[in-house]
Amino acid sequence: MKVKKLHGEGAVKRRIMDMGITKGVEIFIRKVAPLGDPIEVNVRGYELSVRKADAAMIEVE
């Protein structure tokens, strides 16, 4: 999947971008916790755990 757009504002959006999740980057879902939080994704060659609320702000195509 490719990141199409990042929603959110201010510090939250900046934190997501600082983790390497930017427009156009390939992102792969690796694991999802039993209750859905957190979600482990592979971005730019490394694994990253993202909270469900933060992952909802990432629009993919």
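Keep in mind that this is a model prediction, so the values were computed, not measured. (Residues numbered from 1 in each chain as written. Predicted model: local features only at pLDDT ≥ 70, side-chain atom pairs only at ≥ 80, totals over all residues. Heavy atoms only, no water.)

### What to know about the environment of Glu40
Condition: A run of H or I in DSSP counts as a helix once it spans at least four residues, and a run of E counts as a strand once it spans at least two, with each numbered from the N terminus. Every residue pair with non-hydrogen atoms within 4.5 Å of one another is taken to be in contact.
Considering the arrangement of structural elements, one finds Glu40 in strand S3 (residues 39-43). Once the C-alpha coordinates of Glu40 and Met17 are considered, the two residues, 23 residues apart in sequence, prove to be 16 Å apart. Not counting chain neighbours up to four residues away, the residues in contact with Glu40 comprise Phe28, Ile29, Arg30, Lys31, Glu47, Leu48 and Ser49.

### Some details on the environment of Ile39
Along the chain, Ile39 turns up in strand S3. When the C-alpha positions of Ile39 and Lys52 are compared, they lie 6.5 Å apart, and in sequence the two are 13 residues distant.

### As for the nonpolar core
Cut-off, in case you're wondering: Definition of nonpolar core: a set of buried residues of the types Ala, Val, Leu, Ile, Met, Phe, Trp, Tyr and Cys, connected through side-chain atoms within 4.5 Å. Remark: exposure states derive from per-residue accessible area (1.4 Å probe, protein chains only) relative to the maximum for the residue type, with buried under 20%, exposed over 50%, and partly exposed in between.
One finds Val3, Ile21 and Val41 to be the most contacted residues of the largest nonpolar core, which totals 13 residues. Where this core is concerned, the elements lending two or more residues are strand S1 (3-6), S3 and strand S4 (46-50). Here the element with the most residues in this core is S3; it accounts for three residues. Setting aside anything within four residues of it in sequence, one finds Val3 in contact with Ile21, Thr22, Lys23, Gly24, Val25, Ile27, Ile58, Glu59 and Val60.

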